[in-house]
Amino acid sequence: MSWIDDPEFRADRPFGPQTLPYGVIDTEGGRQVAVRVGDHALPLRPLADALGERVGPLVAADSLDPLLAAGRVAWQELRVRLGEAVRSASAPRGASLLPLAEVRPVLPFTVADYVDFYASRHHAENVARILRPDAEPLLPNWTHLPVGYHGRAGTVVVSGTDVVRPSGQRRSTGGPVFGPTERLDIEAEVGFVCGGPVASRVPTSAVTEHVFGVALVNDWSARDIQAWEYQPLGPFLGKSFATSIAAWITPLEALTVARVTPPLPDHPLLEYLLESGPWGLDLSLEVRWNGTLVATPPFATMSWTCAQQLAHLTSNGATVRPGDLFASGTVSGPERRQRGSFLELSWGGREPVTLDDGTRRTFLEDGDTVMITATAPGDGGSLVGLAEVTGTVLAGPADQREQR
Ligand SMILES: O=C(O)/C=C/C(=O)CC(=O)CC(=O)O
Ligand SMILES: [Ca+2]
Ligand SMILES: [Mg+2]
């Protein structure tokens, strides 16, 4: 029996001892690295001595930055030590649990560079059918390389941060107008948080040296701004105003059992994109709009894996460094209820979604809240959780009136 008295801290619950995701919380004792156990946070600074001289100092910091930089051997040792600490019958000296409802998580690491991929074939085809009905849904490059773009690291915000409705230019009859977006959307994605040594040309086999952990991401998107601005260079202001990331990062190591083979292309891939062991992940996402479950996107249907994305991202000689974040791209499955954006769920705004309170939605209204969660299979029939990423839409500033 563990000393941790929390009914959610069990192997058949998402945040049992098999998961142990890392975050950073504001406490009376200052900002601290913590690990989530059930519905509690366990601050780690008081345990630094007990965790040993190699890894203790890494969690005595006020962010995950030193831990990310420390690399895989340290990540493994810390996880072993923490596993012992949370499973033991008596509490380690100095340990105290804080109910999650009473702690304020902050952005747990310094986001270095942010990249967003486009790895769901279903999403890519749906978006193309909606935005470019006269063109081929998939361009020929898509099955040969993981398409992506560089995003805006400085506007990555922690789960729970309100999202202010962005303004921008959009197409209108009689010329473009500037004003608050009328098509504010989400993208349910899986983010990969990087650490370890600075490196380039990372082979797919070295993904565990450079990916520390996994966190859900909501890549908020203003579809009207996007549709007007994005050709020929790609997403810009329609996606740069906010990207939310979960407060708790699940170690990649916790997802070993969830590894699956991704859907394979019908032609050979170039050698640098081949995997010796598959890095698809069997994560089941859930998207809730004002509390109503509106979609269950299956991550196992994604065509490109984190290992292939990292290999591609660094294949030209570009470096990856601790704090880099890359997101999978919107997760959409083949079925209607598996779509990870409201653009797709409402099919371009033409087919409203009915929420449990009877209201109908196409895109987001001010005051709406979106929450994305996920689980994966763990060791011995256990369940591994990815913590929620949530955000509420606020109206933009009153002076952002429409300009024609
Ligand atoms: O196909 C397009 O024009 C645009 C697609 C997206 O907006 C998706 C994007 O940001 C990448 C992704 O999340 O899959
Ligand atoms: Ca995206
Ligand atoms: Mg974004």
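Here the structure is a predicted model, which means the values were calculated and not measured.

A. Local environment of the pattern of salt bridges. This structure, assessed with the given rule, holds 22 salt bridges. A salt bridge links E209 to R72; its shortest N-O distance comes to 2.8 Å. Taken as a pair, E209 in helix α5 (residues 207-210) and R72 in helix α3 (residues 72-87) lie far apart in primary sequence, 137 residues in all. Here D324 ties to R321 by a salt bridge, and the two come within 3.7 Å at their closest N and O atoms.

B. Region of interest: the sheet that holds strand β22 (residues 292-295). With respect to topology, 5 strands assemble into an open sheet ordered β9-β28-β27-β21-β22, the strand pairing being mixed. Strands at the two margins of the open sheet, each flanked by one partner only, are β9 (163-164) and β22.

C. Representation of the UniProt feature "domain: Fumarylacetoacetase N-terminal" (unreviewed entry) in the protein chain. When the UniProt feature table is mapped to this numbering, "domain: Fumarylacetoacetase N-terminal" (unreviewed entry) covers residues 18-108. With 29% helix and 25% strand, residues 18-108 has its two end C-alpha atoms placed 21 Å apart.

D. Main features of the packing of aromatic side chains. Counted by the stated rule, this structure contains 6 aromatic pairs. Note on W75 and F212: the rings are 5.2 Å apart at their centroids and 75° apart in plane angle, and the pair reads as edge-to-face. Pair noted here: W75 is in helix α3 and F212 is in strand β15 (residues 211-218), with a separation of 137 residues, a long-range link. Overall, the relative accessible area of 3% leaves F212 in the buried class. A centroid spacing of 3.6 Å and a plane angle of 5° characterise the contact between W289 and F342, whose relative ring orientation is stacked. With a gap of 53 residues between them, W289 in strand β21 (residues 284-289) and F342 in helix α8 (residues 342-345) connect regions that are remote in the sequence. With respect to burial, W289 and F342 carry one shared label: buried. An aromatic cluster is present here, built from F117, F192, F299 and F326 joined pairwise through their rings.

E. Summary view of the coordination of the calcium ion (ligand 2). All of the protein donors around the calcium ion (ligand 2) are D116 (OD), E187 (OE), E189 (OE) and D219 (OD); their distances to the metal are 2.2 to 2.3 Å. Viewed at the metal, the 6 donor atoms of the calcium ion (ligand 2) are separated by angles of 77 to 167°, and the geometry they form is irregular. Taken in chain order, the donor set of the calcium ion (ligand 2) reads D-x70-E-x1-E-x29-D. In this pair, D116 is assigned in strand β6 (residues 114-117) and D219 in the loop between β15 and β16 (221-222), connecting sequence segments 103 residues apart. With relative accessibility at 2%, the residue D116 sits in the buried group. Its relative accessible area of 0% is what places D219 among the buried residues.

F. Structural context of helix α7 (residues 306-313). Burial within α7 is extensive, with 8 of its 8 residues counted as buried. Looking at α7, one finds that the buried residues are C306, A307, Q308, Q309, L310, A311, H312 and L313.

G. Structural detail: the pairing of strand β10 (residues 167-170). Direction of pairing for β10 relative to strand β11 (residues 177-180): antiparallel, over a ladder of 4 bridges. Bridging across to β11, G168 finds its partner in G179. Between β10 and β11, which follow one another and run antiparallel, lie 6 residues, and G174 among them has a positive phi close to 85°.

H. Up close: the site of ligand 1. Within the structure, ligand 1 sits among 16 residues, and Y118, R132, Q226, K239 and T330 are positioned closest to it. The side chain of Y118 places a nitrogen or oxygen atom 2.4 Å from an oxygen atom of ligand 1. When ligand 1 sits alone it has 380 Å² of accessible area, and the protein chains cover 94% of it. Elements with a minimum of two residues in the shell around ligand 1: β6, α4 (121-131) and α6 (223-229). Tallied by class, the residues present in the shell around ligand 1 amount to 5 nonpolar, 4 polar and 7 charged.

I. View of α3. Between its terminal C-alpha atoms α3 stretches 22 Å, which fits the 22 Å expected from 16 residues at 1.5 Å a residue. Buried within α3 are the following residues: A74, W75, E77, L78, R79, L82, G83, A85 and V86.

J. Structural detail: the UniProt feature "active site" (unreviewed entry) in the protein chain. Sequence positions flagged by UniProt for "active site" (unreviewed entry) are, in local numbering, H123. Along the chain, the position of H123 falls in helix α4. Since its relative accessible area comes to 3%, H123 is described here as buried. Apart from residues no more than four positions distant in its own chain, H123 is found in contact with Y118, E187, T330, S332, S341 and E344.

K. Structural context of the side chain of T301. By the secondary structure assignment, T301 is in the loop between β22 and α7. Looking at T301, its side chain comes within polar contact range of the main-chain oxygen of P298, at 2.7 Å. Excluding residues within four positions of it along the chain, T301 makes contact with H122, P263, S332, G333 and P334.

L. Inspection of the sheet that holds strand β2 (residues 30-37) at higher detail. If you trace the 5 strands from one edge of the open sheet to the other, you get β4-β3-β2-β1-β5, paired in antiparallel fashion. Edge strands, defined here as strands with exactly one partner in the open sheet, are β4 (98-99) and β5 (104-106). Of the strand pairs in this sheet, β2 and strand β3 (residues 40-43) are connected by 4 bridges, and their pairing is antiparallel. Looking across to β3, one finds that V35 is bridged to L42. Packed onto the sheet, α3 meets β1 (22-27), β2 and β3 and runs at close to 60° relative to β1.

Reading guide: rules and limits
Residues numbered from 1 in each chain as written. Chains lettered and ligands numbered in written order. Predicted model: local features only at pLDDT ≥ 70, side-chain atom pairs only at ≥ 80, totals over all residues. Heavy atoms only, no water. Salt bridge = Lys/Arg side-chain N within 4 Å of Asp/Glu carboxyl O. Helix = DSSP H or I, 4+ residues; strand = E, 2+ residues; numbered from the N terminus. Pairing = 2+ DSSP bridges. UniProt positions renumbered as here; feature names shortened; annotations may be inferred. Phe/Tyr/Trp six-rings, centres within 6.5 Å; stacked < 30°, edge-to-face > 60°. Buried < 20%, exposed > 50% of the residue type's maximum accessible area, 1.4 Å probe, protein only. Donors = N, O, S within 2.8 Å, 3.2 Å for Na, K, Ca; no water. Tetrahedral: all angles 85-135°; square planar, octahedral: opposite > 155°, others 65-115°. Near = heavy atom within 4 Å. Polar contact = N/O pair within 3.5 Å; in protein donor to acceptor, adjacent residues only side chain to side chain. Areas by Shrake-Rupley, 256 points an atom, 1.4 Å probe, with all protein chains shown as cover. Nonpolar A, V, L, I, M, F, W, Y, C, P; charged D, E, K, R; others polar. Expected span 1.5 Å × (residues − 1). Contact = heavy atoms within 4.5 Å. Axes fitted to C-alpha atoms, helices over the stretch in contact; angles between N-to-C directions.

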